[in-house]
Amino acid sequence: MTSHERYKKAREDNASEAAADYLELIQDLFDEFGEARATDLASRMGVSHVTVSKGLQRLVRDGYVTYRPYRSIFLTDEGREVARQARERHVVVLQFLLSLGIPQDVAEKDAEGMEHHLSPETLEALKRFSSPR
């Protein structure tokens, strides 16, 4: 793989990670409050409203959400599936880290980054390791 290809893949992976994080948070907001708004996303993510707006535009373009400015954000079926998968990966990694004795707050932070970089095979191994015997 050339350096150009590696950098392109890294950019694509980062965009995919950001999309999954947005979708997971949108689903969390719906579960908690019955709606998700751009201002809530910006607040929870610690980013500007402009950053969220650009992120939402990409999610609309990719078919994951529908929304209108100053209104609720809605996940499409595809967006809900990506959010579900992201949540599942997060929980598996979090449970694995907790099973190693990592403190909850540290495990939460680490799981947030690690969840995006695991192969399906590694994720399955973590599930098996962390499940009650």
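Residues numbered from 1 in each chain as written. Predicted model: local features only at pLDDT ≥ 70, side-chain atom pairs only at ≥ 80, totals over all residues. Heavy atoms only, no water.

Engineer: Any chance you could break down the packing of helix H4 (residues 77–99) against helix H5 (residues 104–114) for me, citing the residues and the numbers?
Structural biologist: Between H4 and H5, whose axes approach to 9 Å, the crossing angle comes to 140 degrees. Here H4 is positioned oblique relative to H5, judged by the angle of their axes. Crossing of H4 against H5: the hand is right-handed. Here His90, Val93, Leu94, Leu97 and Leu98 of H4 come into contact with H5, specifically with Gln104, Ala107, Glu108, Asp110, Ala111, Glu112 and Met114. In terms of residue class, the contact of H4 with H5 is built from seven nonpolar, two polar and three charged. (Axes fitted to C-alpha atoms, helices over the stretch in contact; angles between N-to-C directions. Helix = DSSP H or I, 4+ residues; strand = E, 2+ residues; numbered from the N terminus. Parallel < 35°, antiparallel > 145°, perpendicular 65-115°, else oblique. Left-handed = near helix turned anticlockwise from the far one by under 90°. Contact = heavy atoms within 4.5 Å. Nonpolar A, V, L, I, M, F, W, Y, C, P; charged D, E, K, R; others polar.)

Engineer: Tell me about the confidence of the model for the chain, and name the residues and values.
Structural biologist: Taken as a whole, the chain shows an average pLDDT of 88; of its residues, 89% reach a score of 70 or greater. Averaged over each element, pLDDT in the chain is lowest for helix H1 (residues 3–33) (79) and highest for strand E2 (residues 73–75) (96). (pLDDT = per-residue confidence, 0-100.)

Engineer: Talk me through the environment of glutamate 115; I want residue IDs and the actual numbers.
Structural biologist: Within the element layout of this structure, glutamate 115 appears in the loop between H5 and helix H6 (120–130). Judged by its relative accessible area of 1%, glutamate 115 is buried. With near-sequence residues (within four places) excluded, glutamate 115 lies in contact with Asp21, Glu24, Ala86, Arg89, His90 and Val93. (Buried < 20%, exposed > 50% of the residue type's maximum accessible area, 1.4 Å probe, protein only.)

Engineer: Tell me what's going on with the side chain of serine 72, and back it up with residues and numbers.
Structural biologist: Tracing the backbone shows serine 72 in the loop between strand E1 (65–67) and E2. Among all residues touching serine 72, those that are not within four sequence positions of it are Glu35, Ala36, Thr66 and Tyr67.

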